[in-house]
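Summary of structural features
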Amino acid sequence: MSRIGVFVCQCGNNIESTVDTGQVASDMKEMPGVVFSCTYKFMCSSPGQEMVRQAIKDKRLDGIVVSACSPHMHEKTFRKASESAGLNPYKCEIVNIREQCSWVHHDTTKKIGTRKSNDLTRMIIERLKKNKPLKKINIPVNKKALVIGGGIAGIQAALDIADGGREVILVEREPSIGGNMARLSETFPTMDCSQCILTPKMVEAELHDKIKILTYSEVEKLDGYIGNFTVTIKKKAKYVDESTCTGCGECMEKCPFKADSEFELGLNKRKVIYTPFPQAVPNIPVIDAPNCVMLTKGKCGICAKVCGPGSIDFEQKDEFIEEQVGAVVVATGYDLMPNERFGEYGYGKIKDVVSGMQFERLASSSGPTGGQIFRPSDGKVPEQIVFLQCIGSRDEAKGVSYCSKICCMYTAKHTMLYKHKVHDGQAYVFYMDIRAGGKRYEEFTRRAQEQEDAMYLRGRVARIYERDGKVVVQGADTLSGTQVVIEADMVVLATALVSRPGADSLAQKLGIGYDKYKFYNEYHPKLKPVETVTAGIFLSGACVGPMDIPESVSMGSASASKVLALFSSDEMAREPIVAAVNKQRCNACWDCVVACPYTAIEKEEVKDRQGNVIGWNANVNEGVCQGCGVCVAACRSKVVDLAGYTDEQVFAAINAF
Amino acid sequence: MSEELKKVATGFEPKIMAFVCNWCTYAGADLAGTSRMEYKDNVRIIKLPCTGRIDPLFIIKAFENGADGVLVSGCHPGDCHYTTGNYHARRRWRAFKNLMDFTGIDETRLQFSWVSASEALKWVDLINKVTTQVKAAGPFIEYQGLSEKYDDGLGELPAETEGESKEC
């Protein structure tokens, strides 16, 4: 027989005014297995807790029920008190007779409240009799982090974790880290040169002895759980030996073949052996295999002939690297919506219609024009330039429903960059609304309009076509109610920010959630903005949604602080509310495996003494299991159970109803 | 429902069992209390981590123990603390409701609703609505009557389940 103590709190007058706590205590004393009951004014106060501790010791209680406020308030308090009195904390249960009883039933005769409190307490007492003592689960933590994506968010996260003294592996898909920020000319609202503020960070990451950078690499697979992930990274063949290459650039100079530059977004050519941009980190070229004549036809090989250290290796193969890490930061960034979707704006047909990012390259001093703004078709300086905002953004029919957030700001910046370079030129902006929320952002867009002469027209553009070497823009100015026709030399489209291609397949590899636009989901959009539903995986930057540089950097640092907190001790304790399989009776139907939202259930081999596989059963990985119990209800043979919410406990409570 | 049963229902207060998830509905019900709202006192809550934990057997067991109605409530679609648990719950609930319909049980006895942690008012309205509807449906005599009416030729069923429920 159990020895249960029942403690009924009056909560000052909060409970007592509609519940006769004395009556509840004496009624519960009559229950089988209850050996002690009492009431007190404030059970959560120090004397109240002392009362609980004393009773546990004096009456040798093997379980306690506290009828008080919501378990969300003081469950921890009383479980701690139980533990300090030598009682397993999971043998302490709370009955909610305040939020869900005394506060919602205003009957001052106390009849209703007392009856309901009695019922609720009785159910929990019966439940408690079936409670098993549980132990917190300790998980060892491997103190090495993986950062996926080498843009500004990823670099920041890697640097902060490394500065905290922990090792970091930074994986980047492209041949160099830097991401989209490396493409930008200048940054709003301060107008400092993007490369000038980014490259020092890139170099710092490269030289940091705690950071290992793997470029031209992708995450192939992630197994394991918080503190104990195993990641498989595919390192694509660069055909250049990184250990001997000095980055002299002789090969790039002598390579006779060219291809479109991805980094310059088709505005320029690059060699077939190349680094994406001069400040690339690491400064080691890669061979673009599909375009290399040596690799495709076996002829040429000039780069190998001119290479002093003999680093060119045409035999190199893709390599798979396995690493053990304890935490993962995902910072895969964004892409621009393909402009080809917007035929009415002439993109792809009219050469002088470019995207915002292409304009960044034209305005950048390291870009294809050396920072001079020329039109792509004939290299003339555009005298009239038109910027169109919200291309695809806030347009559910043709694009995406969300606001891309940074376009208002970068378009204002573009008009200034243009004005600073073409003093007599005129910039026009077609906008829907100006959204400039942020420190010094509103002032910045005002400056573009008031001091830098940009002509802002509120309205949409209907059509863009070519006539006599001009790009004619037909639109509406809704503020003056007139049709506008501008014979422009060049048009820049502020296309929507979208998630990276392959963002969904990466999310599936990692086991994190994503929305319908394939942006990754935070655990909680407000209170847990960098965590994901999978413990140990954190998010940074524009893979979560459109965001500017300061926000991406903040998220990078925030993720790093979460990782460092996780790495601060050798073991991590977690709640023991996890599922377990009765393996003797599991018949391996895998319904639980399908149902589990965390892929926490593995298919385990059953072997005989000779090591032959004779069967299978399900096995719950305690590190991954979050304790939702979906598998328990899904199991047809009722062999999975959830500690803390076992079938036995729930049925006991229902039977006491 | 027969006229006879309706007579029994006069002055009747239904017993309703609610299975709610810890993260949304339980917190929503807490908020109703913190906001000092008032609702009918017929419902007894059982807290579970997620509505996905709810086994159809829980519902049967609740009816067996004299519940006149059962309410299942959890996070809104897409808001589940455990990503997809509430979808499992919804699917099971749909199947179970069909089964109840097939056996001729009034569907209002089993209700389902999404209540988030901030929807205290929705919780209050829901409890009041469910209580009124179950009250109108009358006591769930059909279930208790089953063991008496059902004759499989094997003699009387052991009365242990019934005894258990009466004890409480």
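These numbers were taken from a predicted model, which means no experiment stands behind them.

Within chain A one finds 18 helices and 34 strands. Across the 657 residues of chain A, 49% fall into the buried class. Excluding contacts between residues fewer than 6 apart, the proportion of contacts in chain A whose partners are at least 24 apart in sequence is 70%.

The next point concerns helix α12 (residues 407-421) of chain A. Residue and element names in this part refer to chain A. The end-to-end C-alpha separation of α12 is 21 Å, in line with the 21 Å expected for 15 residues at 1.5 Å each. Most of α12 sits out of view: 12 of its 15 residues are buried. Among all positions of α12, only C407, C408, M409, Y410, T411, A412, K413, H414, T415, M416, L417 and Y418 are buried.

Once that is clear, we can look at the packing of helix α2 (residues 46-58) of chain A against helix α3 (residues 71-84) of chain A. Residue and element names in this part refer to chain A. Where α2 contacts α3, the axes come no closer than 9 Å and their chain directions differ by 40°. As summarised for this structure, α2 and α3 are arranged oblique, according to the angle between their axes. α3 is crossed by α2, and the crossing has right-handed handedness. The residues of α3 that touch α2, namely those facing Q49, V52, R53 and I56, are F78, A81, S82 and S84. In terms of residue class, the contact of α2 with α3 is made up of 4 nonpolar, 3 polar and 1 charged.

Let us look at the domain arrangement of chain A. How big an interface is tends to be expressed through the accessible area that disappears when the partners come together. All names here are of chain A. Each assigned domain of chain A is listed with its residue range as follows: domain 1 (4-128), domain 2 (137-236 + 318-333 + 500-572), domain 3 (237-315), domain 4 (337-498) and domain 5 (575-656). Relative to domain 5, the C-alpha centre of domain 2 lies at a distance of 33 Å. Counting from both sides, the interface comprises 8 residues of domain 2 and, opposite them, 8 residues of domain 5. Its residues assigned to classes, the side of domain 2 that touches domain 5 comprises 4 nonpolar, 4 polar and no charged.

Turning next to the pairing of strand β2 (residues 43-48) of chain B. Residue and element names in this part refer to chain B. For β2, the buried fraction is high: 6 of the 6 residues fall into the buried class. Side chains V43, I45 and K47 project from β2 onto one buried face, and the interleaved R44, I46 and L48 project onto a second face that is buried too. Relative to β2, strand β1 (residues 16-21) runs parallel, the two being bridged by 6 bridges. Paired with A18 across the bridge in β2 is I45.

What follows concerns the sheet that holds strand β4 (residues 110-114) of chain B. All names here are of chain B. Read across the sheet, 4 strands follow the order β2-β1-β3-β4 without closing on themselves; strand pairing throughout is parallel. Looking along the sheet, the strands with just one partner apiece sit at the ends: β2 and β4. Neighbouring strand axes in the sheet, compared pairwise and without regard to direction, differ in orientation by 20° on average. Direction of pairing for strand β3 (residues 69-74) relative to β4: parallel, over a ladder of 5 bridges. Along β4, the bridge assignment pairs V72 with F112.

Here we come to the pairing of strand β27 (residues 490-495) of chain A. Residues and elements named next belong to chain A. Here β27 lies mainly inside the structure; 6 of its 6 residues are buried. Burial along β27 is two-sided: M490, V492 and A494 and V491, L493 and T495, pointing in opposite directions, are all buried. With 3 bridges joining them, strand β20 (residues 353-355) and β27 adopt parallel strand pairing. Bridging across to β27, V353 finds its partner in V491.

On to the interface of chain B and chain A. The interface of chain B with chain A comprises 36 residues on the first partner and 36 residues on the second. Where the side of chain B that touches chain A is concerned, the elements lending two or more residues are α2 (25-34), β2, α3 (56-64) and α4 (85-102) of chain B. Among the elements that make up the side of chain B that touches chain A, the one with the highest residue count is α2 of chain B (6 residues). A breakdown of the residues in the side of chain B that touches chain A according to their chemical character gives 17 nonpolar, 9 polar and 10 charged.

Conventions adopted
- Residues numbered from 1 in each chain as written.
- Chains lettered and ligands numbered in written order.
- Predicted model: local features only at pLDDT ≥ 70, side-chain atom pairs only at ≥ 80, totals over all residues.
- Helix = DSSP H or I, 4+ residues; strand = E, 2+ residues; numbered from the N terminus.
- Buried ≥ 20, exposed ≤ 12 C-beta atoms within 10 Å, placed from the backbone.
- Contact = placed C-beta atoms within 7 Å.
- Expected span 1.5 Å × (residues − 1).
- Axes fitted to C-alpha atoms, helices over the stretch in contact; angles between N-to-C directions.
- Parallel < 35°, antiparallel > 145°, perpendicular 65-115°, else oblique.
- Left-handed = near helix turned anticlockwise from the far one by under 90°.
- Nonpolar A, V, L, I, M, F, W, Y, C, P; charged D, E, K, R; others polar.
- Domains from an automatic or database assignment.
- Pairing = 2+ DSSP bridges.

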